[in-house]
Amino acid sequence: MLKRIAELDSGAVLITGDGKRLARIYINAWGRSGRRVLAEYLPFQVGGDAYIGSPFESDDFDVYLMVDPLSRPKAERERLNEWLAKHRDKLVLLYEHKYVKDSITRYEIRNHIDYLIAYKRETVGFERVDVMRLENGRVVESKTYVRRY
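Residues numbered from 1 in each chain as written. Predicted model: local features only at pLDDT ≥ 70, side-chain atom pairs only at ≥ 80, totals over all residues. Heavy atoms only, no water.

K.L.:
I tried to follow the pairing of strand E5 (residues 91–95) on my own but got confused; where do I start?
P.N.:
Looking along a regular strand, one sees side chains alternate from face to face of the sheet. Of all the 5 residues making up E5, 5 are buried; the element is thus mostly covered by neighbouring parts of the structure. Covered by surrounding structure in E5 are Leu91, Leu93 and Tyr95 together with Val92 and Leu94, the residues of both alternating faces. Of the strand pairs in this sheet, strand E1 (residues 11–16) and E5 are connected by 5 bridges, and their pairing is parallel. For isoleucine 15, the partnering residue across the bridge sits in E5 and is tyrosine 95. The pairing of strand E4 (residues 63–67) with E5 spans 5 bridges and is parallel. Its bridge partner lying in E5, methionine 66 is registered against leucine 94. The handedness of the E4 to E5 crossover, carried by helix H3 (residues 74–86), is right-handed. (Buried < 20%, exposed > 50% of the residue type's maximum accessible area, 1.4 Å probe, protein only. Helix = DSSP H or I, 4+ residues; strand = E, 2+ residues; numbered from the N terminus. Pairing = 2+ DSSP bridges. Right-handed = clockwise from strand over helix to strand, strands pointing away.)

Here it is, written out as structure tokens:
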């Protein structure tokens, strides 16, 4: 399912739990395929071109990176939800530092995202990545990946 996300042409992907490595992989993959990337700011390094700016003010890009969408004030979250509803044809990566998995149902953004990737680094020597495909705010497919280190 992770490879399917890298091959997306449009849709919204929410990565939670500070999964910088996963987010960097997706931004690099989408940028290498010739798509123009606009980021609010870059919480990690990318290998390629990424423009910095407000996604609310530009419709010229193929991929958008928005940081901490769930930690914003209520008015900004509503504005983001409206923007996501209008830009279903674009590829949007929402990167959230805090861990959100099942509690996504509390946020309206669940109705606008296609995939939720919940990254968690456990204290006993492994990483856990839960990937969920959502349709109309409901989980329709789920897969868990575990990596020992």
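K.L.:
I tried to follow the environment of tryptophan 30 on my own but got confused; where do I start?
P.N.:
Topologically, tryptophan 30 is positioned in helix H2 (residues 20–32). Relative accessible area serves as the criterion here: at 1%, tryptophan 30 is assigned to the buried category. When the C-alpha atoms of tryptophan 30 and glutamate 108 are compared, they prove to be 26 Å apart, with 78 residues separating the residues in sequence. Setting aside chain neighbours within four positions, we find tryptophan 30 in contact with Ile5, Ala6, Leu8, Val13, Arg35, Val63, Leu91 and Leu93. (Contact = heavy atoms within 4.5 Å.)

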